[in-house]
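Secondary and tertiary structure notes
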Amino acid sequence: MTDQKTSNELRVAVAGLGSIGSKVATALDQGIEGLTLSAVAVRDPAKHQGFLSGLRHRPQIMPIDQLGAAADIVVECAPTSQLRAIVEPAVKRGKSAVVVSVGGLLDNYDLIDLARANGGRILVPTGALIGLDAVNAAAVGTIHSVKMVTRKPIDGLRGAPFIVQNKVDIDDLREPLKLFEGSARDAAKGFPANVNVAVALSLAGIGPDRTQVQVWADPTVTRNVHRIEVEADSARFSMGIENIPSENPKTGMITALSVIALLRKQRATLCVGT
Ligand SMILES: NC(=O)C1=CN([C@@H]2O[C@H](COP(=O)(O)OP(=O)(O)OC[C@H]3O[C@@H](n4cnc5c(N)ncnc54)[C@H](O)[C@@H]3O)[C@@H](O)[C@H]2O)C=CC1
Ligand SMILES: O=C([O-])CC(=O)C(=O)O
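Residues numbered from 1 in each chain as written. Chains lettered and ligands numbered in written order. Predicted model: local features only at pLDDT ≥ 70, side-chain atom pairs only at ≥ 80, totals over all residues. Heavy atoms only, no water.

Some points on the packing of aromatic side chains
Here a ring pair, both rings aromatic, is described through the centre-centre distance and the interplanar angle of the planes. Keep this limit in mind: Aromatic rings from Phe, Tyr and Trp, taking only the six-membered ring of Trp, are treated as a pair when their centres fall within 6.5 Å; an angle between ring planes under 30 degrees marks them as stacked, one over 60 as edge-to-face, and anything in between as tilted. What counts as a helix is a DSSP run of H or I of at least four residues, what counts as a strand is a run of E of at least two, and both are numbered from the N terminus. Geometrically, a charge over a ring is one whose NZ (Lys) or CZ (Arg) sits within 6 Å of the ring centre while staying within 35 degrees of the ring normal.
Throughout the structure, instances matching the rule amount to 3 aromatic pairs. On the basis of an interplanar angle of 85 degrees and a centroid distance of 5.9 Å, the ring pair of Phe 162 and Phe 180 is categorised as edge-to-face. With Phe 162 in helix H7 (residues 161-165) and Phe 180 in strand S8 (residues 177-183), the pair connects residues that are 18 residues apart, well separated along the chain. Relative to Phe 191, the ring of Phe 162 lies with its centre 5.3 Å away and its plane at 25 degrees, an arrangement referred to as stacked. Taken together, the positions of Phe 162 in helix H7 and Phe 191 in the loop between helix H8 (184-190) and helix H9 (196-204) put the pair 29 residues apart, joining distant regions of the chain. One aromatic cluster in this structure is built from Phe 162, Phe 180 and Phe 191. Here the basic side chain of Arg 151 rests over the ring of Trp 216, its NZ or CZ set 4.6 Å away from the ring centre.

Structure, rendered in structure tokens:
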């Protein structure tokens with residue numbers, strides 16, 4: 001597919017049609033002002049035939065690293081391991097990349113310089129979190145501290161590298177267990193599919209080394225619970241969100257909705273919130 005445009009609509013490509021990507025693709029297909037779903041990348045096309053046939057306008061299926069040539073905005077909805085293959089070709093061409101695997105940005109920080117050098121953009125939605133508008137605003141002044149506590153049901157944590165490497169048995173827990181306490185950077189290494197939110201929070205505020213994170217395995221909760229305390233020279237605020245897990249137990253349902261809300265803002269006449 002060439003990079004030629006046929007209308008003023010922004011062409012959007014979705015990389016990965018899992019829990020987040022399938023909802024984003026559906027919303028685009030149903031209509032978001034000024035945006036068209038132009039392409040998708042999937043690992044196993046046969047698995048997604050039913051879904052793609054149900055769309056009103058069938059997008060092209062392309063290899064993940066070619067989406068950047070076929071769209072104005074590429075939405076990364078894949079595992080962290082695919083982040084670079086998705087974002088690099090887009091920002092190199094001066095396009096925008098929406099990134100949900102935010103933790104992966106920490107190991108690929110040069111992508112931000114690459115985007116800057118080529119007029120590209122990297123957009124991080126608030127995702128499964130809350131209040132990044134307030135954190136952004138507070139960061140214009142001075143933030144003294146940001147603390148976040150994440151509690152997830154056991155199903156949402158199984159297989160995390162921290163748990164596997166430290167051989168922690170979480171299956172028979174009867175009460176909450178604090179698994180980790182440290183920086184957002186280290187939390188992302190230990191729990192790459194669980195604390196993208198902590199990295200997004202850190203990038204909005206005081207960075208991945210100063211943002212303090214706790215991760216708890218909690219058999220008493222059924223939702224992914226995040227509580228945040230911010231102490232700044234302009235304000236002190238506490239925020240909390242209790243996410244209903246999607247069909248992927250690690251991922252809160254609101255994450256896809258946050259991406260859709262961000263896409264709606266790209267061409268909306270009225271934009272509310274920063
Ligand atoms: N920023 C945030 O607030 C949040 C971010 N996330 C992150 O978002 C990402 C996506 O999450 P989910 O949709 O729940 O994951 P998912 O596992 O449901 O979907 C990922 C999809 O990517 C596909 N995929 C993998 N390799 C591919 C390739 N080479 N080409 C094309 N497709 C490929 C998989 O087949 C799968 O369908 C994850 O990294 C997750 O950790 C999740 C929750 C919150
Ligand atoms: O969905 C959530 O609650 C948060 C999550 O998985 C992440 O940040 O990776």
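The rest of the description comes next.
Let's talk about unusual backbone geometry
As a reminder of what qualifies: For the exposure calls, accessible area comes from a 1.4 Å probe over protein chains only, and a residue counts as buried if that area is under 20% of its type's maximum, exposed if over 50%, partly exposed in between.
Its identity is not glycine, yet Lys 167 carries a phi of approximately 50 degrees, on the positive side. Its place among the elements puts Lys 167 in the loop between H7 and S8. In this structure Lys 167 comes out as exposed when scored by relative accessible area, which is 74%.

Observations concerning the site of ligand 2
To keep things clear, this is the line we draw: Throughout, near means a residue has at least one heavy atom within 4 Å of the molecule or strand. Here a polar contact means two N or O atoms within 3.5 Å. Within protein one must be a hydrogen donor candidate and the other an acceptor candidate, and residues neighboring in sequence count only if both atoms are side-chain atoms. Note that accessible areas follow from Shrake-Rupley with a 1.4 Å probe, and for residues the cover is restricted to the protein chains shown.
Taken together, the neighbourhood of ligand 2 is formed by 13 residues, with Lys 152, Val 197, His 226, Lys 250 and Gly 252 sitting nearest. Side-chain polar atom of Asn 243 to an oxygen atom of ligand 2: 3.3 Å apart, as the coordinates give it. Between ligand 2 and Lys 250 there is a distance of 2.6 Å, counted from an oxygen atom to a backbone nitrogen or oxygen. Look at ligand 2: alone it shows 260 Å² of surface, and the protein chains cover 95% of it.

Considering the site of ligand 1
To keep it simple, the criterion reads: Points on a 1 Å grid over protein atoms alone make up a cavity when a 1.4 Å probe fits among them but cannot get out, and a pocket when they form an open set with protein on both sides within 12 Å along at least five of seven lines; lining residues each have an atom within 4 Å of a point. Cavity and pocket membership follows a simple rule, namely that a molecule belongs there if more than half of its atoms are within 2 Å of the grid points.
Around ligand 1 sit 26 residues, and of these Ser 19, Ser 101, Ala 128, Asn 248 and Thr 251 come closest. A distance of 2.9 Å separates a nitrogen atom of ligand 1 from a polar atom in the backbone of Val 100. Here ligand 1 loses 87% of its free accessible area of 860 Å² to cover by the protein chains. One can see that ligand 1 is located within the largest pocket. Counting only elements with at least two residues in the shell around ligand 1, the list comes to helix H1 (19-30) and H9.

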